[in-house]
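Architecture at a glance
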Amino acid sequence: MKKNSNMGNVGLFAISNLLKRNLLRYVVTAALAAALLPTVHGALFNWTTQWTPMTVNGGTQYYHDPNDINPASVDLLGNASGPACAFWALHDNHIQFRLAMSGTSQNPQAVWQVFFDTDGNENTLEYVLQLDLKVDNRVEFAKVTGGPTLEQVSVGTETTDILWTGARADYANVFPANASYIDLAIPYSTFVAFTGTSSARLLFTTSADHNNINKDYPLGLSSSDLINAGLSDNVAIPEPSTGLAVGGLMLLLALGKKLRSQPSQR
Ligand SMILES: [Ca+2]
Ligand SMILES: [Ca+2]
Ligand SMILES: [Ca+2]
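So, here's what we can say about the structure.

Conventions and cut-offs
- Residues numbered from 1 in each chain as written.
- Chains lettered and ligands numbered in written order.
- Predicted model: local features only at pLDDT ≥ 70, side-chain atom pairs only at ≥ 80, totals over all residues.
- Helix = DSSP H or I, 4+ residues; strand = E, 2+ residues; numbered from the N terminus.
- Buried ≥ 20, exposed ≤ 12 C-beta atoms within 10 Å, placed from the backbone.
- Contact = placed C-beta atoms within 7 Å.
- Pairing = 2+ DSSP bridges.
- Core = buried A, V, L, I, M, F, W, Y, C linked by C-beta atoms within 7 Å.

Some thoughts on the overall build of the chain
Along its length, the chain carries four helices and 14 strands. Every one of the 266 residues in the chain was classed for burial, and the buried ones make up 30%. Pairs at least 24 apart in sequence give 63% of the contacts found in the chain among residues at least 6 apart.

With respect to the sheet that holds strand β5 (residues 94-100)
Spatially, five strands are ordered β1-β4-β5-β12-β11 in an open sheet, and the strand pairing comes out antiparallel. With partners counted over all chains shown, the strands left at the sheet margins are β1 (52-53) and β11 (172-174), one partner each. Relative to strand β12 (residues 181-187), β5 runs antiparallel, the two being bridged by seven bridges. Bridge pairing links F97 to L184 in β12.

Comments concerning the pairing of strand β8 (residues 138-145)
Consecutive side chains of a regular strand alternate in pointing toward one face of the sheet and then the other. Pairing of strand β7 (residues 127-132) with β8 involves six bridges; the strand directions are antiparallel. Across the sheet, residue Q130 finds its bridge partner in β8, namely E140. Hairpin connection of β7 to β8: five residues between the antiparallel strands, including N137 at a positive phi of 55°. Alignment of β8 against strand β10 (residues 162-167), held across five bridges, turns out to be antiparallel. Along β10, the bridge assignment pairs A142 with I162. Examined bridge by bridge, β8 and strand β9 (residues 154-155) share two bridges and lie antiparallel to one another.

Focus on the environment of F204
With respect to the helices and strands, F204 occurs in strand β13 (residues 199-207). Expressed as a C-alpha distance, the spacing of F204 and M54, which sit 150 residues apart in the sequence, is 9.9 Å.

Description of unusual backbone geometry
For the peptide bond that leads from N70 to P71, omega is -5°, which places it in the cis range. Along the chain, P71 falls in the loop between β3 (60-61) and β4 (86-91). Cis peptide bonds are those with omega within 30 degrees of zero, and the linkage from G147 to P148 qualifies with 10°. A positive phi is found at N57, a non-glycine position, where the angle reads about 55°.

Some remarks on the environment of N70
Mapped onto the elements, N70 comes out in the loop between β3 and β4. For N70, a count of 10 C-beta atoms within 10 Å gives the class exposed. For the pair N70 and K215, spaced 145 residues apart in sequence, the C-alpha separation works out to 8.3 Å.

A short note on the nonpolar core
In this structure, C85, L99, L184, L202 and F204 are the most contacted members of the largest nonpolar core, which totals 53 residues. Elements supplying a minimum of two residues to this core: β4, β5, β6 (111-117), β7, β8, β12, α3 (188-195) and β13. The element that contributes the greatest number of residues to this core is β6, accounting for five residues. Contacts of F204, omitting those with residues within four sequence positions, involve Y62, L76, C85, A86, L99, Q113, V114 and P218.

Rendered as structure tokens:
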């Protein structure tokens, strides 16, 4: 009996030490995660409050025709002398876009689109970031084919065409606080990984379908106009600061070294 009791004590001691070591690792890991993550408020990232207006023709604000599309929730706002209808920002490691509409909707069922010309051939669009509240209810980053007219643009819907998706609740703001804006975002690293660039000309539209453009066209254009007539000035999105990531990695290495240098209790 005594022998068994001793074996039991040894076993309990080993388990106790194992739990202590694992607990230390959990505490360190949790503290590291808390230190490295940006402050968030129930979301994966923060939205910017400092939007940069998109421009066209070397500095004119990017605009649409006002009050030319029904319903107002897909009618891009503005005119050549008015405020821009499209904005962008790089904030909290996410590329963010804002589209200004002429009205809101309680239950919108449409698609808001940001197209990208990334290869320099202005007769084609290569990618789209779109908020699809018509079919899939998510933010989608997809391959685009077709052209050179706007009505010939085709957004891929096959699994191989959809490069990335984000939940609507995380990556879109649909008429926040009942303001007539649609905001959508994609992680900077995701965009660069798929496109191989962070420099592009953009085209902003709305649609009743998730695989084409058939609602509002930019700059007073119509469906038979050319893609290149609707492209913004080139936007070169700067790389986000890597200071935090490098600092976090150094902290991680230092802690790992400290843990390894502790005498083993086995
Ligand atoms: Ca419009
Ligand atoms: Ca192109
Ligand atoms: Ca879709």
